[in-house]
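One-letter residues, chain by chain:
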Amino acid sequence: MLPHLNAAYTLARYLTRNDHDAEDVVQDAYLRAFTYRDSFRGEGAESARAWLLTIVRNTAYSWRRREGMSALVTEFDESRHSDSVAEEDPEAVLLRGDARNTVRRALEQLPPEFREVIVLRELEGLSYREIGEVAGVPVGTVMSRLSRGRERLQQALRAEEGGN
């Protein structure tokens, strides 16, 4: 389960929109996964990843129901969580940070069902089948949500561009 910790945290972070809450969700999900590890029936690392991300997703949604709607408006500052800060030209760092913030804001505007499939596909590289397993929906629904989510993301990015 440890090799999938970053993927679990990334999904939880985008679903909860808060780093501390994401850590709590991942911790709870890993505890559940460990407790019910005997129920895992898949084979291979990709099946284990999809199984674990399903638990993270379900835990995040359960957490959101428990915490109420206030959980949906918490801002997440991705710039504080970069893996490393390279010494670069300050202008390049600023422009890259602006682009990252623009995409993050646009992703946050998406409804959760679109945001989760985009995160799972574009950030975590899961296949449509794996996303379907994680989200508990057929592959056709995954494809539809990805298509509509990408369209909405493009619209949100255009709006961000026009607003700046």
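Residues numbered from 1 in each chain as written. Predicted model: local features only at pLDDT ≥ 70, side-chain atom pairs only at ≥ 80, totals over all residues. Heavy atoms only, no water.

*Asks:* Requested: an account of the packing of helix 5 (residues 112-123) against helix 6 (residues 128-135), with residues and values cited.
*Replies:* Viewed as axis vectors pointing N to C, helix 5 and helix 6 meet at an angle of 140 degrees, and their least axial separation amounts to 10 Å. Overall, the two elements helix 5 and helix 6 adopt an arrangement that is oblique. Seen along the crossing, helix 5 lies across helix 6 with a hand that is right-handed. Within the contact between the two elements, helix 5 uses Glu116, Val117, Leu120 and Arg121 and helix 6 uses Tyr128, Ile131, Val134 and Ala135. Looking at the contact of helix 5 with helix 6, its residues break down into six nonpolar, no polar and two charged. (Axes fitted to C-alpha atoms, helices over the stretch in contact; angles between N-to-C directions. Helix = DSSP H or I, 4+ residues; strand = E, 2+ residues; numbered from the N terminus. Parallel < 35°, antiparallel > 145°, perpendicular 65-115°, else oblique. Left-handed = near helix turned anticlockwise from the far one by under 90°. Contact = heavy atoms within 4.5 Å. Nonpolar A, V, L, I, M, F, W, Y, C, P; charged D, E, K, R; others polar.)

*Asks:* How would you explain helix 5 if you had to name every residue and give the values?
*Replies:* Helix length check: helix 5, at 12 residues, gives a terminal C-alpha distance of 15 Å against a target of 16 Å (1.5 Å per residue), a fit within 8%. Taken together, the buried positions of helix 5 are occupied by Pro112, Phe114, Arg115, Glu116, Val117, Ile118, Val119 and Leu120. Phi for Gly125, located one or two positions after helix 5, is positive at around 70 degrees. (Expected span 1.5 Å × (residues − 1). Buried < 20%, exposed > 50% of the residue type's maximum accessible area, 1.4 Å probe, protein only.)

*Asks:* Can you break down the environment of Leu126 residue by residue, with the values?
*Replies:* Locating Leu126 in the fold gives a position in the loop between helix 5 and helix 6. The spacing of Leu126 and Ala50 is 76 residues in sequence and 8.2 Å in space, taken between C-alpha atoms. With residues near it in sequence (within four places) discarded, Leu126 still touches Arg49, Leu53, Leu120, Arg121, Ile131 and Val134.

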